[in-house]
Amino acid sequence: MQYIVHRAAPEGFEYGIAINRMLDFHAARQWMIETYGHSENTNSPYWTLGESLEQHWSWSLAYQKYAIFLRSDRELSWFKMKFGG
């Protein structure tokens, strides 16, 4: 899986992970759900910042732009252990 870690993330999250391929994004999102539970799409009109601050992760899906947002170093470390990096 190819991905890029960056610090541009919504408030309450420390890291963003840009993923190039939809299938890789789906695999990563499925693993995050199994590991940390369900989350919200930050592009959703129903996304509320207050509730999201308690979440370990979030995600964003737009046309050919796939991203996962992680709350802290802890979640990023587990992600890298699973998917390399």
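Bear in mind that the values here come from a model prediction, so they are computed numbers and not experimental data. (Residues numbered from 1 in each chain as written. Predicted model: local features only at pLDDT ≥ 70, side-chain atom pairs only at ≥ 80, totals over all residues. Heavy atoms only, no water.)

Engineer: Can you help me understand helix H3 (residues 73–83) in this one?
Structural biologist: Along an α-helix, residues three or four positions apart point the same way, because every turn accommodates 3.6 residues. Taken together, the buried positions of H3 are Glu 75, Leu 76, Phe 79 and Phe 83. The buried residues of H3 occupy an angular sector of 100 degrees when the element is viewed end-on, so they sit on one face. Looking at the buried side of H3, the elements it contacts are strand E1 (3–6), strand E2 (15–19), helix H1 (22–36) and strand E4 (65–70). Following H3 by one or two positions, Gly 84 has its phi on the positive side, about 80 degrees. (Buried < 20%, exposed > 50% of the residue type's maximum accessible area, 1.4 Å probe, protein only. Helix = DSSP H or I, 4+ residues; strand = E, 2+ residues; numbered from the N terminus. Arc of directions from axis to C-beta. Contact = heavy atoms within 4.5 Å.)

Engineer: Which parts of the structure should I look at to understand the pattern of salt bridges?
Structural biologist: Note that side chains of opposite charge can pair when their charged atoms are close. Summed over the entire model, instances satisfying the criterion amount to two salt bridges. Salt-bridge contacts for Glu 14 lead to Arg 7; the nearest nitrogen and oxygen are separated by 2.9 Å. When the shortest N-O distance is used, the salt bridge between Asp 24 and Arg 21 registers 4.0 Å. Classification of Asp 24 as buried rests on a relative accessible area of 15%. (Salt bridge = Lys/Arg side-chain N within 4 Å of Asp/Glu carboxyl O.)

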